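Structural description and commentary
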Amino acid sequence: IAQKNVVPPLYYSEEDASEIAMLQTNINTYVEECIAKFIVGQMDIDAEWDAYVAEIESYNLAGWLELKQQAYDLLH
């Protein structure tokens, strides 16, 4: 991997770190559950994809991305 393609460690305030941890836990739990359901056929990836994405977004994915982006922007 080229060094320019590696994201360096990001640093957050205590408040942001706590928020990121909560959001990431909720998002990851949902994603992992759905991956298993897609694999075993309990969810239809074609029929339920939009609902899956909407549910991820309802876990404040935009807020998680914003906090990550703010920390990344501080590096530059």
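Given the structure is predicted, the values throughout are model-derived calculations rather than measurements. (Residues numbered from 1 in each chain as written. Predicted model: local features only at pLDDT ≥ 70, side-chain atom pairs only at ≥ 80, totals over all residues. Heavy atoms only, no water.)

Here we look at the overall build of the protein
Filter applied, for reference: For helices the rule is a DSSP run of H or I covering at least 4 residues; for strands it is a run of E covering at least 2, with both sets numbered from the N terminus onward. Within these notes, the globule rule equals 2.2 Å times the number of residues to the 0.38 power, and the radius of gyration is based on C-alpha atoms. Relative accessibility decides the category of a residue: with a 1.4 Å probe and only protein chains considered, values under 20% of the type maximum give buried, values over 50% give exposed, and everything between is partly exposed.
A count of helices and strands for the protein gives three helices and zero strands. Along the chain direction, N to C, the helices and strands of the protein fall in the order α-α-α. Since a compact globule built from 76 residues should have a radius of gyration of about 11 Å, the 16 Å found for the protein marks it as more spread out than a globular shape. Along the longest, intermediate and shortest principal axes, the C-alpha atoms of the protein span 45 × 30 × 15 Å. A buried classification covers 17% of the 76 residues belonging to the protein.

Thoughts on the packing of aromatic side chains
Rules: Each Phe, Tyr or Trp ring (for Trp, its six-membered ring) is paired with any other whose centre lies within 6.5 Å, and the angle between the two planes then decides the class: stacked below 30 degrees, edge-to-face above 60, tilted in between.
Inspection of the entire model under this criterion finds five aromatic pairs. Geometrically, the ring pair formed by Phe38 and Tyr52 is edge-to-face, given 5.3 Å between the ring centres and 80° between the ring planes. With a gap of 14 residues between them, Phe38 in helix 1 (residues 14–40) and Tyr52 in helix 2 (residues 45–58) connect regions that are remote in the sequence. The two residues Phe38 and Tyr52 agree in class, both being buried. Ring geometry for Trp49 against Tyr52: centres 5.0 Å apart, planes inclined by 45°, an arrangement best described as tilted. Of this pair, Trp49 and Tyr52 are both found in helix 2, three residues apart, which corresponds to roughly one turn of the helix. A network of ring pairs unites the aromatic residues Tyr30, Phe38, Trp49, Tyr52 and Tyr59 as a single cluster.

Side note on the nonpolar core
Our working rule: Note on terminology: a nonpolar core comprises buried Ala, Val, Leu, Ile, Met, Phe, Trp, Tyr and Cys residues joined through side-chain atoms within 4.5 Å. A contact between two residues is defined here by any heavy atoms of the two lying within 4.5 Å.
Counting residues in each nonpolar core, the largest one holds eight residues, listed as Ile27, Tyr30, Val31, Cys34, Phe38, Met43, Tyr52 and Ile56. No other element matches helix 1, which puts five residues into this core. Look past the residues within four positions of Tyr52 in its chain and what remains in contact with it is Tyr30, Val31, Cys34 and Phe38.

Section: helix 2
Residues separated by three or four positions in an α-helix point in the same direction, a consequence of the helix having 3.6 residues per turn. For the record, the criterion: Expected helix span is computed as 1.5 Å times (number of residues minus one). Whenever a nitrogen or oxygen atom comes within 3.5 Å of another N or O atom, the pair is scored as a polar contact, on the condition that within protein one atom can donate a hydrogen and the other can accept it, and that pairs from neighbouring residues in sequence are kept only if both atoms are in side chains.
Over its 14 residues, helix 2 extends 19 Å from the first C-alpha to the last, a length consistent with the 20 Å expected when each residue adds 1.5 Å. Capping the start of helix 2 is the job of one residue whose side-chain oxygen sits 2.8 Å from the backbone nitrogen of Asp46: Asp44. Immediately beyond the C-terminal end of helix 2, within one or two residues, lies Asn60, with a positive phi of roughly 65°.

Some words on the packing of helix 1 against helix 3 (residues 61–73)
Applied cut-off: Angles run from 0 to 180 degrees between N-to-C directions of axes, and those axes are lines fitted to C-alpha atoms, restricted for helices to the stretch in contact. To sort the angles, those under 35 degrees are grouped as roughly parallel, those over 145 as roughly antiparallel, those from 65 to 115 as roughly perpendicular, and the leftovers as oblique. Handedness of a helix crossing follows the sense of rotation of the near helix relative to the far helix, less than a right angle counterclockwise being left-handed and clockwise being right-handed. Residues are grouped as follows: Ala, Val, Leu, Ile, Met, Phe, Trp, Tyr, Cys and Pro are nonpolar; Asp, Glu, Lys and Arg are charged; all remaining types, including Gly, are polar.
Contact geometry of helix 1 with helix 3 gives a least axis separation of 10 Å together with a crossing angle of 135°. Between helix 1 and helix 3, the crossing angle belongs to the class labelled oblique. In terms of crossing hand, the pair formed by helix 1 and helix 3 is left-handed. In this structure, helix 1 uses Asp16, Glu19, Ile20, Leu23, Gln24 and Ile27 to contact helix 3, whose residues at the interface are Leu61, Gly63, Trp64, Leu67, Lys68 and Gln70. Grouping the amino acids of the contact of helix 1 with helix 3 by side-chain chemistry returns six nonpolar, three polar and three charged.

A word on unusual backbone geometry
One non-glycine residue, Asn60, adopts positive backbone phi at about 65°. Take Asn60: it is sitting in the loop between helix 2 and helix 3.

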